[in-house]
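As a plain string of letters, each chain reads:
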Amino acid sequence: MQIRLAKTAEDRAACFALRKAVFMGEQNVSEAEEWDGLDDTCLHFLAIDQTGPAGVARLLPKGNTAKIQRVAVLPGHRGTGLGRQIMETVLDHARQAGFHHAVLDAQTHALGFYEVLGFVAHGPVFDDAGIPHQAMERAL
Ligand code: COA
């Protein structure tokens, strides 16, 4: 499995197709909410092996803070440690790029996944795209 920055049009298209399958297909997120106009501002990460794309994440720069969004692993690859590997790659990249903090809005079912990676939840649970979320953060 290789996790790389999606720089080519082909890699970016693979990221978007995977997000469409997971967030719109599985989780019923609307098109308008998924394509929020921020993709051109973000760095996109693609996990891919010989069988094809397997997972994604994007990093939205906000000053000294890296906001991590759209973390998704295809069903057949879940529970294999791939989500963790993707997150560690994004966090390493953010650290090397000089960001001081990482933040994200976690779907509440995934709080435990991000806690393993050092994120701490804070503030109230809120609704986004019909899914309960909570803010999380960690220093880099
Ligand atoms: N709740 C609690 N812990 C979880 C978890 C969950 N939902 N999912 C994974 N973990 C834990 C694992 O047990 C593992 O811990 P361990 O190393 O101590 O055994 C660790 O987190 C890493 O798990 P990993 O196998 O890397 O996770 P994954 O590849 O299955 O990816 C998601 C996790 C959430 C990215 C994946 O389930 C997914 O794509 N879900 C659909 C999209 C989604 O909800 N994305 C999150 C948006 S905020």
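As shown above, the structure is provided for reference.
Residues numbered from 1 in each chain as written. Predicted model: local features only at pLDDT ≥ 70, side-chain atom pairs only at ≥ 80, totals over all residues. Heavy atoms only, no water.

Trainee: Would you mind going over the overall build of the protein chain with me for this structure?
Mentor: In terms of helices and strands, the protein chain carries 4 helices and 7 strands. The linear arrangement of helices and strands in the protein chain, starting from the amino end, is β-α-α-β-β-β-α-β-α-β-β. Taken over the C-alpha atoms alone, the protein chain extends approximately 40 × 35 × 30 Å along its principal axes. Taking all 140 residues of the protein chain together, 44% fall into the buried category. Excluding contacts between residues fewer than 6 apart, the proportion of contacts in the protein chain whose partners are at least 24 apart in sequence is 58%. Approximately 7100 Å² of the protein chain is accessible, and the part contributed by carbon and sulfur atoms is 52%. (Helix = DSSP H or I, 4+ residues; strand = E, 2+ residues; numbered from the N terminus. Buried < 20%, exposed > 50% of the residue type's maximum accessible area, 1.4 Å probe, protein only. Contact = heavy atoms within 4.5 Å. Areas by Shrake-Rupley, 256 points an atom, 1.4 Å probe, with all protein chains shown as cover.)

Trainee: I would appreciate a short explanation of the nonpolar core in the present structure.
Mentor: Side chains of nonpolar character tend, in soluble globular proteins, to be buried together. Ile68, Ile86, Met87, Leu104, Tyr114 and Phe119 are the most contacted members of the largest nonpolar core, which totals 26 residues. Those elements that provide at least two residues to this core are strand E2 (43-49), strand E3 (52-62), strand E4 (65-73), helix H3 (82-96), strand E5 (101-107) and helix H4 (111-116). Among the elements that take part in this core, H3 stands out by supplying 6 residues, more than any other. The residues touching Ile86, leaving out its near neighbours within four places in the chain, are Ile3, Ala47, Gly55, Val56, Ala57, Ala72 and Val73. Core analysis: the second largest hydrophobic core is formed by 13 residues, Cys15, Leu18, Leu46 and Ile48 among them. (Core = buried A, V, L, I, M, F, W, Y, C linked by side-chain atoms within 4.5 Å.)

Trainee: How should I be thinking about the pattern of salt bridges in this particular structure?
Mentor: Where charged atoms from two side chains of opposite charge approach closely, those side chains can pair. Tallied over the entire structure, the rule returns 12 salt bridges. A salt bridge links Asp11 to Arg4, with the nearest nitrogen and oxygen atoms 2.7 Å apart. When the shortest N-O distance is used, the salt bridge between Asp39 and Arg19 registers 2.8 Å. With a gap of 20 residues between them, Asp39 in the loop between helix H2 (31-34) and E2 and Arg19 in helix H1 (residues 9-26) connect regions that are remote in the sequence. Per residue, the accessibility class of Asp39 equals that of Arg19, and both read buried. (Salt bridge = Lys/Arg side-chain N within 4 Å of Asp/Glu carboxyl O.)

Trainee: Would you mind showing me how to read the layout of surface pockets here?
Mentor: Where empty space is left can be seen by rolling a probe of water-molecule size over the atoms. Estimates place the volume of the largest pocket at around 700 Å³. Breaking the lining of the largest pocket down by element, the ones donating at least two residues are H1, H2, E4, H3, E5, H4 and strand E7 (131-139). Considering each element in turn, the lining of the largest pocket owes the most residues, 7 residues, to E4. In the lining of the largest pocket, the residues fall into 15 nonpolar, 10 polar and 10 charged. (1 Å grid on protein atoms, 1.4 Å probe; cavity = no way out; pocket = protein on both sides within 12 Å on 5 of 7 lines; lining within 4 Å. Points joined across faces, edges and corners; volume = space filled by probe spheres on them. Nonpolar A, V, L, I, M, F, W, Y, C, P; charged D, E, K, R; others polar.)

Don't take any of this as a statement about function, it's just geometry.
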